[in-house]
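The residues making up each chain are set out below.
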Amino acid sequence: MKGFDTNLRLQASPQLSNVFLPKKLSVTNLNFRSSSSSSPAMLKLFSSRVHHLTPAIRPGPRAVESPLFKALSQLTGLNRRSSSLGHRVFFCSDSASDAEAAAAEVAEAEAEVADSKSSSAIVSTNPRPEDCLTVLALPVPHRPLFPGFYMPIYVKDPKVLAALQESRRRQAPYAGAFLLKDAPSTDSSSSTETEKNINELKGKDLLERLHEVGTLAQISSIQGDQVILVGHRRLRITEMVSEEPLTVKVDHLKDKPFDMDDDVIKATSFEVISTLRDVLKTSSLWRDHVQTYTQHIGDFTYPRLADFGAAICGANRHQTQEVLEELDVHKRLRLTLELMKKEMEISKIQETIAKAIEDKISGEQRRYLLNEQLKAIKKELGVETDDKSALSGKFKERIEPNKEKIPAHILQVIEEELTKLQLLEASSSEFNVTRNYLDWLTILPWGNYSDENFDVVRAQQILDEDHYGLSDVKERILEFIAVGRLRGTSQGKIICLSGPPGVGKTSIGRSIARALNRKFFRFSVGGLGDVAEIKGHRRTYVGAMPGKMVQCLKSVGTANPLVLIDEIDKLGKGHAGDPASALLELLDPEQNANFLDHYLDVTIDLSKVLFVCTANVIDMIPNPLLDRMEVISIAGYITDEKVHIARDYLEKNARGDCGIKPEQVDVSDAALLSLIENYCREAGVRNLQKQIEKIYRKIALKLVREGAVPAEPAVTTDVEEAEIVAKLDVESPEKDAAKESKEEEAETKKISVEKVMIDESNLADYVGKPVFHAEKIYEPTPVGVVMGLAWTSMGGSTLYIETTVVEEGDGKGGLNITGQLGDVMKESTQIAHTVARKILLEKEPENLFFANSKLHLHVPAGATPKDGPSAGCTMITSLLSLAMNKPVREDLAMTGEVTLTGRILPIGGVKEKTIAARRSQVKTIIFPEANRRDFEELAENVKEGLDVHFVDDYGKIFELAFGYDKQQD
């Protein structure tokens, strides 16, 4: 308050928008900044004027005796010595004569020191405020202007600004300040938008947006577009005089008469003062306002007290405008009191929040200082080193035992990071990054290998204990062990086990690790779409982690584990990269010796790791990745193998899990065979395991219900137990008799529970009705129907091809196909139709069946999608059977792709199709000649009892299907 700077923009804060000036301001805007406009003469004039006005601004006897003034004087502790007012910028006079004298003296000073047109010159106030009946209407956007306070506003309209400057030149520096109403269509807007809207309003539109009651304001100064207004008295708009700039006629409003000695008004005013006292204790901003106001105003009357409280509080624009419009002094005091009470509550909340935050910060600082002191004391006593020294010691202890095995480039990186760690502050983020990096580098098993098992016999026993069958996989693992034994060391390999679900691909990986005496680690990549899961994140990212392989080495603690990568055929691909491409480096024997993880940023030797991957369909694996793996197909289990697995593995596990003893249950071989054939036909044994567990759960429930498991003894209280003992102790013979009776009863219950028998007759009581029925629909096979063999992801299956005549007539030959066939299979039907017509023409030239018959070919079941070329020979046979009206031989199934010339091409899934034929009790199978080797590699128990023919031309199939007596292999 020691200098009035018109360049200050104070309208951002609501509490600073109205700053005090005395009501009867005569001279304004003395600027004492050190600039070219200041001069020794101006300073001299200001000093003499202040001393001249000192008696005028002192309160008279009446003011000193005023209880309001005394109360505020006690609140603020003001010193009313004249010396305290020596540097006040704004001052007031008690009469118009003093104002005129001051204006004259200032005018003389202006002539001596500066240009008369300067915006900071003192404006003459010869016209009295009450004579201003027509004024320029200036909109005030944020808060109303109260008498005795000043407010800076910004005028963007050149016409309005020119009119204000003209008013000052005409010695009538007054205008009307009116609060702007809220826009009708907007809820809230920023100050920039509000000012923009004000500048766009003109004439009547602006008048409609203004409140009727405002304040007559003296134009204190104009600098650029900034205008400083000083409030004098209340006004009310009566009518508009002109639109541009907006000029209105006004009425000067006076307060309604009131009794100075009224007790209610006195009590209200004292409550306002009391509230001021409380607020002054918490808010220094209010204290400055009160000090300035009381030193300048002289006599603190009731109306001024109400205006002062409303002007400096932080109430919103509508509440302060309501105070401005109120002419009843008592009501105005009550409104001001309400606003100040709210302000007091806000101040208390603010004080509470500030105190809570201060206490929290103080507590944290105190705890930090105590911890630092404790660390320093411990360090001096040698009890404990600092955090950085302790961490460095821990990391060095980790690498010391295997320091000779750690590669040189890894040791160099570790030493550099340890040196870097000592230079960093423990509170910095880089410290935590370096610490985590060293933690990973030092915990990895550099050069630490587990002792492998090179005993082939022992490995064979372990593999046979865990799995039945799977001879191909077991043979490959034994070969791996044999090579390692001859070389004295083993190398990593990449093996891919492919097959339908439930055949033991994942579980065999754990058995292989046990047979090799290696650590086992499994992770699934099904649906994986982020390369960082394989290669790790960059250390610059927050929460960065190494890839799965680094995590694997940390978890197992050795550098040569067996890593099982599950579901490799279900890799995803997203915005974070292609994981399949990232696996190329990991699963390449030539590259994984120098595998680079993004987080570690050093090469890791993975050449000793044995990778075992699993997949259901290898066609889904990208070719570059598939080329790096050694694929071993697991076709599935035949019925005999499933019976052995169920008897030797699944049944034992289910019985142990249910708590049933072997002598309590007997499951017959016929029941197991029926369970496999009618409920669990899939290639794997997962569903078979579920059904066996279901059977044993029901058996457990039955045993509990029949009392085979003794019930828990009833809980008796101490009193009841004492009474029973007392009764039994009275007569010893009765006690012995009761004991013998209980033993006999328990023995009787034990004997009465018979052994549970599960056979084919009561199997449905435990697992429900059969799910599958015999795949052999026809017995014998009718004309136009031939059994084919198909491969599915669940194993092999038989497939019937049915053909019938729809319509006959000259030239009506044609073919319709149904059965949800794929594009390849639809092409096979067209090829089969063409080849069948050609063969029929050769065998029976006079037979015009295909030329004059419209045929319909169907492949059951219609709800199952089917595709592939291997049903070509089956379709030709079905068409020829219908054309010659001759059924094919019984117990015959065939598969093979056919060309237009009748050649038979090889197919896939020989083992699965052979198993499907055995399941359907087919004895004669026709395979392409190129698949002879695949069939010969099958186990003897799979080939046993089958009459298999290998053909390379359809003519041989024709003889086998329709010749009956002629067979060719």
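Calculation rules
- Residues numbered from 1 in each chain as written.
- Predicted model: local features only at pLDDT ≥ 70, side-chain atom pairs only at ≥ 80, totals over all residues.
- Heavy atoms only, no water.
- Buried < 20%, exposed > 50% of the residue type's maximum accessible area, 1.4 Å probe, protein only.
- Helix = DSSP H or I, 4+ residues; strand = E, 2+ residues; numbered from the N terminus.
- Pairing = 2+ DSSP bridges.
- Axes fitted to C-alpha atoms, helices over the stretch in contact; angles between N-to-C directions.
- Contact = heavy atoms within 4.5 Å.
- UniProt positions renumbered as here; feature names shortened; annotations may be inferred.
- Phe/Tyr/Trp six-rings, centres within 6.5 Å; stacked < 30°, edge-to-face > 60°.
- Lys NZ or Arg CZ within 6 Å of the ring centre and 35° of its normal.

A few words on the pairing of strand E11 (residues 520-524). With burial as the criterion, only one face of E11 is covered, namely that bearing Phe521 and Phe523; the residues Phe520, Arg522 and Ser524 on the opposite face remain uncovered. Relative to strand E12 (residues 562-566), E11 is paired through five bridges, and the arrangement is parallel. Each bridged residue has a counterpart across the sheet, and for Ser524 the counterpart in E12 is Asp566.

To continue, consider the sheet that holds E12. Taking strand neighbours across the sheet as the criterion, the five strands line up as E11-E12-E15-E10-E16 in an open arrangement whose pairing is parallel. For this open sheet the edge positions go to E11 and strand E16 (630-633), each flanked by a neighbour on one side alone. Neighbouring strand axes in the sheet, compared pairwise and without regard to direction, differ in orientation by 20° on average. The sheet strands contacting helix H17 (residues 471-487) are strand E10 (494-498), strand E15 (610-615) and E16, and the helix crosses E16 at an angle near 145°.

Once that is clear, we can look at the UniProt feature "binding site: ATP" (unreviewed entry) in the chain. Here, the residues flagged by UniProt with the feature "binding site: ATP" (unreviewed entry) are Gly499, Pro500, Pro501, Gly502, Val503, Gly504, Lys505 and Thr506. Looking at the element boundaries, Gly502 is found in the loop between E10 and helix H18 (505-516). The topology assignment puts Thr506 in helix H18. Take Thr506: its relative accessible area is 31%, and that puts it in the partly exposed class.

Each aromatic ring pair is summarised here by two numbers: the centre-to-centre distance and the angle between the ring planes. Counting across every chain of the model gives eight aromatic pairs. Plain terms: the ring middles of Phe958 and Phe962 are 5.1 Å apart, the flat faces sit at 50° to each other, and that makes the pair tilted. Separated by four residues within a single helix, Phe958 and Phe962 lie in helix H35 (residues 954-962), roughly one turn from each other. What links up through ring pairs into an aromatic cluster is the set Phe927, Phe935 and Phe950. Over the ring of Tyr437 we find Arg539; its NZ or CZ atom is 3.8 Å from the centre of that ring. Taking the ring centre of Trp440 as reference, the NZ or CZ of Lys554 above it sits at 4.3 Å.

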